[in-house]
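Residue strings, one per chain:
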Amino acid sequence: MAASKSSDLMTSGPIGRKIVTFAFPIFLGYLFQQFYNVADSLIVGNLLGNSSLAAVSSTGSLTFLLVGFFMGLASGEGVVISHYFGAEDETELRRAVHTALAFGIASGLAVTVIGVLLAPQILLWMGTPEEVLEEATAYIQTYFAGALGMVFYNTCTGIMRAVGDSRHPLQYLIISSILNVVLDLIMIAVLHLGVGGAALATILAQFISAFLCLWRLVHVKEVYQVRLREIRFHWDMLKQIISNGLPAGLQNSIISIGNVVVQSNINAFGEMAVAGYGAYTRIDGFGFIPITSFPMALTTFVSQNLGAGEYERAKKGSRFGILCSVALAEVVGIIIYVTIPVLIGAFTREEEAIAYGVQWARICTPFYFLLSFSHCISAVLRGAGRAVIPMFTMMAYWCFVRVGFLTVMVPITQSFTTVSWVYPLTWLLSAVTLGIYYLRVDWLHGRHSVRGMRRAAGTD
């Protein structure tokens, strides 16, 4: 059965307008989310102190380590749903949507159990400074207790974006972000629940946003409407989702191990280094907005157009999206480079912590364009059903090279600067490798077709 035509289809109309129209709500959504992240750290740093800020900051890489695998797997659902939506195959589209929701529930429960049980021990392995370990443990266990809401929210928004709807996820993210800040103030300033209260505020807001997303999918009058009684695993569809998402899941997990090693090296320089780096990561999030929003748009755009057989349109769109993302990322990087001392100073009054944050920022921000380019090429290849090459590239450089570099160089130099340079160096290596592959290989043809996806997953 063919799906009905939808204004969310990206297979016709002006290419630039379609990509920007889709990416802009994602851009605004991440901007709003980043304002929340900043507000969260400002509340923690100013109301609870530098140690609490360091405690929350020290959990970031661990959070992504445990969540990243399942979120990477879930990215496969977006590729599959986009293909069937672009191919106007209503029957397979509905099966993909309901399988994705079942998978989101299972993944959220898995992250919750694994995170609550293992996170405290991993914090010890990471060498988290003793003075912040108790608060870091309280934060991470509370956070993972509500992981189901976070994973299910991302599953629902992934479905909406896969069919070209980036507006409603923006609305729900704005509601969630505002609610997060309000709950933060109540939990910390009024109820005095400490960093555990900050984590509790986050998970409550995520559950509410997940409910809003599900409500939208249940009541939408489109071919991808969700019927709760139909949420189940269709095993052939699950195999397609995992086949497309497993490379990204493995990539996220392996990269996260590398980032945990980076965080461990930062921890070795003490509480001030952890706090300064943590404050920078909140500001650094603004640089990731174009780096994240345009790649998301590119994956959906490429998937839908290749599913519809629009090869030249997919190629032109990929070039346009890459250019926009790279340019915007570098502009944001320059702004952060210039203003970073003032920005870090808003989070902490400790001069040593500020110095650590400024040093890290001024080494990394000039190279945001390399990071953006790597993410865009990876997004295009995932949309074309070629996620394996980005997986091996990112794993090689963003994990193994990073760990090897730190293992060899940090004992020799015993310098925080050495740790800072590991990111730009590996961004350069991945950008060069992926750029060569993009230019020399015919990524447009092969696994992108519906039949090709089924064959690759072994379901045809």
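In this text the structure is predicted, and so the values were computed from the model without any measurement. (Residues numbered from 1 in each chain as written. Predicted model: local features only at pLDDT ≥ 70, side-chain atom pairs only at ≥ 80, totals over all residues. Heavy atoms only, no water.)

Please clarify how the packing of helix α5 (residues 130-145) against helix α8 (residues 194-219) should be interpreted in this entry.
Packed helices, taken two at a time, are described by the angle between their axes plus the distance between the axes. Running from amino to carboxyl end, α5 crosses α8 at an angle of 15 degrees, the nearest separation of the two axes being 8 Å. Comparing the axis directions of α5 and α8 gives the class roughly parallel. In this structure, α5 meets α8 at a crossing whose hand is right-handed. Along its contact with α5, which presents E135, A138, Y139, T142 and Y143, the element α8 presents V195, G196, A198, A199, L200, T202, I203 and Q206. Its residues assigned to classes, the contact of α5 with α8 comprises 8 nonpolar, 4 polar and 1 charged. (Axes fitted to C-alpha atoms, helices over the stretch in contact; angles between N-to-C directions. Helix = DSSP H or I, 4+ residues; strand = E, 2+ residues; numbered from the N terminus. Parallel < 35°, antiparallel > 145°, perpendicular 65-115°, else oblique. Left-handed = near helix turned anticlockwise from the far one by under 90°. Contact = heavy atoms within 4.5 Å. Nonpolar A, V, L, I, M, F, W, Y, C, P; charged D, E, K, R; others polar.)

Honestly, helix α6 (residues 147-162) in this entry has me stumped. Any pointers?
Three- or four-residue spacings in an α-helix give side chains the same orientation, since the helix completes a turn every 3.6 residues. Compared with the 22 Å implied by 1.5 Å per residue over 16 residues, the 22 Å span of α6 between its first and last C-alpha is a close match. Of all 16 residues in α6, 13 are buried; the element is thus mostly enclosed. In the segment just after α6, G164 is the residue with positive phi, at about 90 degrees. (Expected span 1.5 Å × (residues − 1). Buried < 20%, exposed > 50% of the residue type's maximum accessible area, 1.4 Å probe, protein only.)

What is the right way to read the pattern of salt bridges from this model?
On inspection of all chains with the given rule, the structure shows 4 salt bridges. Its salt-bridge partner being R94, residue E230 comes within 3.6 Å of it at the nearest N-O pair. Taken together, the residues E230 in the loop between α8 and α9 (235-267) and R94 in helix α4 (residues 90-125) connect sequence positions 136 residues apart. On the basis of relative accessibility, which here comes to 13%, the residue R94 falls in the buried class. The salt bridge partner of D236 is R95, with a shortest N-O separation of 2.6 Å. (Salt bridge = Lys/Arg side-chain N within 4 Å of Asp/Glu carboxyl O.)

Mind showing me how you'd approach a nonpolar patch on the surface here?
On the surface, F32, I178, V182, I186, V190, L191 and L193 cluster together into a nonpolar patch covering about 590 Å² of accessible area. Broken down by element, the residue count for the nonpolar patch peaks at 4 residues, all from helix α7 (residues 167-190). Of note, V190 is situated in helix α7. (Patch = residues over 30% accessible without salt bridge, like charges linked within 9 Å, V, L, I, M, F, W, Y side chains within 5 Å. Areas by Shrake-Rupley, 256 points an atom, 1.4 Å probe, with all protein chains shown as cover.)

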